[in-house]
Amino acid sequence: MRDITTSPDSGNYSNHEDTAFPLDLDKVSQSLNDLPADDEYTWEDHLSDIVDEATIIPETEPLVHFGDKEVFHRANLLVLSGAPKSRKSCLAGIITAGAIRRESIGAVIESLYVSPNPDGHAVIFVDTENPQRIFQRNIKAILKLAGCDHRPDFFYPLHYRKHDKGKRRSRLDSAIRQATLKHNGIALIVIDGIADFIYDANDEKESAEITEWVCNLADGFNAGVIAILHLNKNTPTERGHLGSIMQRKADELIRVIKDGQASYTEAVMMREVL
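Heads up: these notes are all about the structure in this document. (Residues numbered from 1 in each chain as written. Predicted model: local features only at pLDDT ≥ 70, side-chain atom pairs only at ≥ 80, totals over all residues. Heavy atoms only, no water.)

1. So, the packing of helix H5 (residues 165-183) against helix H6 (residues 204-221)
Working step 1: Put simply, H5 and H6 touch, their axes get as near as 12 Å, and they point 0° apart. As summarised for this structure, H5 and H6 are arranged roughly parallel, according to the angle between their axes. Seen from H5, the contacting residues are Arg169, Leu172, Asp173, Ile176, Arg177 and Thr180; seen from H6, they are Glu209, Ile210, Trp213, Leu217 and Phe221.
Working step 2: The residue inventory of the contact of H5 with H6, partitioned by class, reads six nonpolar, one polar and four charged. (Axes fitted to C-alpha atoms, helices over the stretch in contact; angles between N-to-C directions. Helix = DSSP H or I, 4+ residues; strand = E, 2+ residues; numbered from the N terminus. Parallel < 35°, antiparallel > 145°, perpendicular 65-115°, else oblique. Contact = heavy atoms within 4.5 Å. Nonpolar A, V, L, I, M, F, W, Y, C, P; charged D, E, K, R; others polar.)

2. Some remarks on the sheet that holds strand E9 (residues 224-230)
Working step 1: Ordered in space as E7-E6-E8-E9-E3-E10-E11, the seven strands form an open sheet in which the pairing is mixed. Lying at the two open borders of the sheet, with one neighbouring strand each, are strand E7 (155-159) and strand E11 (262-270). Here the strands of the sheet are splayed against their neighbours by 15° on average, with no regard to which way each runs.
Working step 2: Bridge count between strand E3 (residues 77-82) and strand E10 (residues 252-259): five bridges; the pairing is parallel. Each residue of the ladder has a partner; that of Leu78, found in E10, is Glu252.
Working step 3: Helix-sheet contacts for helix H7 (residues 240-249) involve E3, E9, E10 and E11, and the interaxial angle to E9 is about 145°. (Pairing = 2+ DSSP bridges.)

3. Describing the side chain of Asp127
Working step 1: By the secondary structure assignment, Asp127 is in strand E6 (residues 122-127).
Working step 2: There is no salt bridge for the buried Asp127, and the closest opposite charge comes from Arg161, which lies 6.6 Å off by N-O distance.
Working step 3: Within the local environment of Asp127, its side chain forms a polar contact with the backbone nitrogen of Asn130, the two atoms lying 2.8 Å apart. (Buried < 20%, exposed > 50% of the residue type's maximum accessible area, 1.4 Å probe, protein only. Lys, Arg positive; Asp, Glu negative; His and termini not counted. Salt bridge = Lys/Arg side-chain N within 4 Å of Asp/Glu carboxyl O. Polar contact = N/O pair within 3.5 Å; in protein donor to acceptor, adjacent residues only side chain to side chain.)

4. With respect to the pairing of E9
Working step 1: With six of its seven residues buried, E9 lies for the most part within the structure.
Working step 2: Two elements, E3 and E9, share six bridges in a ladder whose sense is parallel. The residue of E9 that forms the bridge with Leu80 is Ile228.
Working step 3: Handedness of the crossover is the feature at issue here: the chain leaves strand E8 (residues 186-192), passes through H6, returns alongside E9, and the resulting connection is right-handed. (Right-handed = clockwise from strand over helix to strand, strands pointing away.)

5. Things to note about a nonpolar patch on the surface
Working step 1: Taken together, the side chains of Trp43, Leu47 and Ile50 present a nonpolar region at the surface, about 350 Å² in accessible area.
Working step 2: Tracing the sequence through the fold places Leu47 in helix H2 (residues 43-47).
Working step 3: Residue Leu47 is classed as partly exposed on the basis of its relative accessible area, which comes to 42%. (Patch = residues over 30% accessible without salt bridge, like charges linked within 9 Å, V, L, I, M, F, W, Y side chains within 5 Å. Areas by Shrake-Rupley, 256 points an atom, 1.4 Å probe, with all protein chains shown as cover.)

6. Observations concerning unusual backbone geometry
Working step 1: At Ala75, a residue that is not glycine, the phi angle is positive and equals roughly 65°.
Working step 2: By the secondary structure assignment, Ala75 is in the loop between strand E2 (69-73) and E3.
Working step 3: For Arg87, which is not glycine, the phi torsion reads 80° and is therefore positive.
Working step 4: Tracing the sequence through the fold places Arg87 in the loop between E3 and helix H3 (88-99).

7. Some remarks on the sheet that holds strand E4 (residues 107-109)
Working step 1: What the four strands build is an open sheet, ordered E2-E1-E5-E4; its pairing is antiparallel. If you trace the sheet from one side to the other, it starts and ends with E2 and E4, each paired once. The sheet shows a mean angle of 35° between the axes of neighbouring strands, direction not considered.

8. Comments concerning the pattern of salt bridges
Working step 1: Across all of its chains, the model carries two salt bridges by this definition.
Working step 2: Across the pair Glu103 and Arg101 runs a salt bridge whose closest N-O atoms are separated by 2.6 Å.
Working step 3: Residue Glu103 is classed as partly exposed on the basis of its relative accessible area, which comes to 44%.
Working step 4: Arg255 is the partner of Glu238 in a salt bridge, and the nearest nitrogen-oxygen pair spans 2.7 Å. Of this pair, Glu238 sits in the loop between E9 and H7 while Arg255 sits in strand E10, and the two are 17 residues apart along the sequence.

9. Some details on the packing of H3 against helix H4 (residues 132-146)
Working step 1: Two elements in contact, H3 and H4, have axes separated by 8 Å at closest approach and are oriented at 45°. Classified by the angle their axes make, H3 and H4 are oblique. Seen from above, H3 lies across H4 with right-handed handedness. Every residue of H4 that contacts H3 at Gly93, Ile94, Thr96 and Ala97 is listed here: Ile142, Leu145 and Ala146.
Working step 2: In terms of residue class, the contact of H3 with H4 is made up of five nonpolar, two polar and no charged. (Left-handed = near helix turned anticlockwise from the far one by under 90°.)

Here it is as structure tokens:
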């Protein structure tokens, strides 16, 4: 058997001029220090991404309890999914009713409690699917459930079905920024029809971009964000590529399932249930 430790093929290549690669540590060090002039990130930018044992992270307020469990917080993305007419929009409306109260009204429905909004932070409810008359009927039901005779000035039910898909995102971005300044913060953002903010729910790039956007809304504005999404027609999974990505990125995913004349919820995923 050949001893590979002494074979010519495995010799010390540094002894062969044609294969020697001298290492100049001074040049390596200098190259590391010569950052590109057009580098868009500073060292402070990278340091700001560090999360360690000393990082101070403010507690996020719980927005929704089911029984004694906190299931939805500020700075969280909750995806509500279900088949058409399963009453997922109704559940979002019930949560909204609690969020537009300055003081608690107890359980909005049996076992579901929504934290009040004593500081009057903005609550935004966007509808992309229904005609105005149905949307108005739904908003009236929310106000009635909340015990309000008229719309509180910090509650913004926005009808976006009439707007082009390509402009809905920028329009909502602007509304959120301005409402934040006017009311010193955002408590809740409901997007009833998140798939209507893109052209193709099976397009990977569009789906990834819109999912990143709603996650940034939650984090950037310390707001609870509810995105409502349909299930696929033939399978009990969320619609298209958009549904797959949102399922992975959501903090909570609840499916609303219709059973005859009644509907019930199924908690598919909860990251922060205490």
